[in-house]
Amino acid sequence: FEDCNFESEEIGKIRKDLNMDLDQKVVGGVFRMTPQKEPFDFIEVIKKVVKEIPNLKVILVGSGLLKIKVQQKIKNLGLETHFILLDQHPNIMALYSIMDVLLLTSSYEGTPNVLIEAMANKTAIVATDAGGVSELLKHEQNGLIAKPHDIETLASHCIKLLNSKELRDKFSNAGRRLVEDEYSPEKRIDELLYLYGKN
């Protein structure tokens, strides 16, 4: 958790390096560009969100076999000025801290590390109910969930959070508490020792 506490000056510097205004709303995505992650759904959600929040910036981090097609779809929809595309970033944890919302659009998942990392960084989350997502996210308690491919609801959730700092703070604080309680290294070590001890 020491890696998840960033000063406002550091966050401001990252925004400046990415040519972003300090007051711009930011949606982020961190995933491989593969069919499982549904990057085209992600873009369709953003297309709808931009209609309501024209000044939106989107940080999309990841590479993979669909990267070129993702870039082309963004261009075809005229969304190039909204997207910042990064294959990777030297301080991904700091990137979470400048995101108002992390968006996950996967059609299937295990337990996504990206959600645990975002929660540790107190980033509000909108995600699809895929795989182990519901083990981390409780709808309207520490995030907002929609069914896979439900573009309308995912976009509505993003807009709702982007327009309410109070709601973002509520969910992000609850998410941080969950990670501290259930996913800290000390907790995991204790659980492993207990399991090995039983055998």
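As the structure is a prediction and not an experimental result, all values here were calculated from the model. (Residues numbered from 1 in each chain as written. Predicted model: local features only at pLDDT ≥ 70, side-chain atom pairs only at ≥ 80, totals over all residues. Heavy atoms only, no water.)

J.: How would you summarise helix 7 (residues 151–162) if you had to cite specific residues and measurements?
T.: In this model, helix 7 (12 residues) spans 16 Å end to end at C-alpha, consistent with the 16 Å of a helix rising 1.5 Å per residue. Of all the positions in helix 7, only Ile-151, Leu-154, Ala-155, His-157, Cys-158, Ile-159, Leu-161 and Leu-162 are classed as buried. Against the buried residues of helix 7 lie strand 1 (26–30), helix 2 (39–52), strand 4 (101–104), strand 5 (124–128), strand 6 (144–146) and helix 8 (165–182). (Helix = DSSP H or I, 4+ residues; strand = E, 2+ residues; numbered from the N terminus. Expected span 1.5 Å × (residues − 1). Buried < 20%, exposed > 50% of the residue type's maximum accessible area, 1.4 Å probe, protein only. Contact = heavy atoms within 4.5 Å.)

J.: Can you explain the sheet that holds strand 6? Please cite residues and give values.
T.: Read from one edge of the open sheet, 6 strands run 3-2-1-4-5-6, paired in parallel fashion. Each end of this open sheet is capped by a strand with a single partner; those strands are strand 3 (83–86) and strand 6. Averaged over all pairs of adjacent strands, the angle between their axes in this sheet comes to 20°, without regard to strand direction. Examined bridge by bridge, strand 1 and strand 4 share 2 bridges and lie parallel to one another. (Pairing = 2+ DSSP bridges. Axes fitted to C-alpha atoms, helices over the stretch in contact; angles between N-to-C directions.)

J.: So what about unusual backbone geometry? Which residues, and what values?
T.: Of note in this structure, Asn-19 is not a glycine but carries a positive phi near 60°. Turning to its location among the elements, Asn-19 is positioned in the loop between helix 1 (8–17) and strand 1. Under the relative-accessibility criterion, Asn-19 is labelled exposed at 66%. For His-149, which is not glycine, the phi torsion reads 75° and is therefore positive. Secondary-structure assignment places His-149 in the loop between strand 6 and helix 7. Given a relative accessible area of 46%, His-149 falls into the partly exposed group.

J.: Could you give an account of the pattern of salt bridges, naming the residues involved and the relevant values?
T.: Overall, the coordinates contain 10 salt bridges when judged by the stated rule. Between Lys-47 and Glu-44 there is a salt bridge; the shortest N-O distance is 3.1 Å. Residue Lys-47 and its partner Glu-44 are located together in helix 2, separated by 3 residues, close to a single helical turn. A salt bridge links Asp-87 to Lys-67, with the nearest nitrogen and oxygen atoms 2.5 Å apart. Placement of the pair is Asp-87 in the loop between strand 3 and helix 4 (92–98) and Lys-67 in helix 3 (residues 67–76), with a sequence separation of 20 residues. Note on Lys-67: relative accessible area 11%, which makes it buried. (Salt bridge = Lys/Arg side-chain N within 4 Å of Asp/Glu carboxyl O.)

J.: I'd like to hear about the nonpolar core, residue by residue, with values.
T.: One finds Phe-42, Ile-46, Val-49, Leu-56, Phe-83 and Leu-103 to be the most contacted residues of the largest nonpolar core, which totals 33 residues. Of all the secondary structure elements, the ones that give two or more residues to this core are helix 2, strand 2 (57–61), helix 3, strand 4, strand 5, strand 6, helix 7 and helix 8. Sorting elements by how many residues they give to this core places helix 7 first, with 7 residues. Among all residues touching Ile-46, those that are not within four sequence positions of it are Val-27, Leu-56, Val-58, Phe-83 and Leu-103. Membership of the second largest hydrophobic core comes to 30 residues, among which are Leu-18, Met-99, Ala-118 and Leu-137. (Core = buried A, V, L, I, M, F, W, Y, C linked by side-chain atoms within 4.5 Å.)

J.: I'd like a description of the side chain of Glu-38, backed by residues and values.
T.: Looking at the secondary structure, you find Glu-38 in the loop between strand 1 and helix 2. Buried and unpaired, Glu-38 has Lys-73 as its nearest opposite-charge partner, separated by 11 Å. Setting aside residues no more than four positions away along its own chain, Glu-38 makes contact with Thr-105, Ser-106, Ser-107 and His-149. (Lys, Arg positive; Asp, Glu negative; His and termini not counted.)

Purely geometric numbers; function is a separate question.
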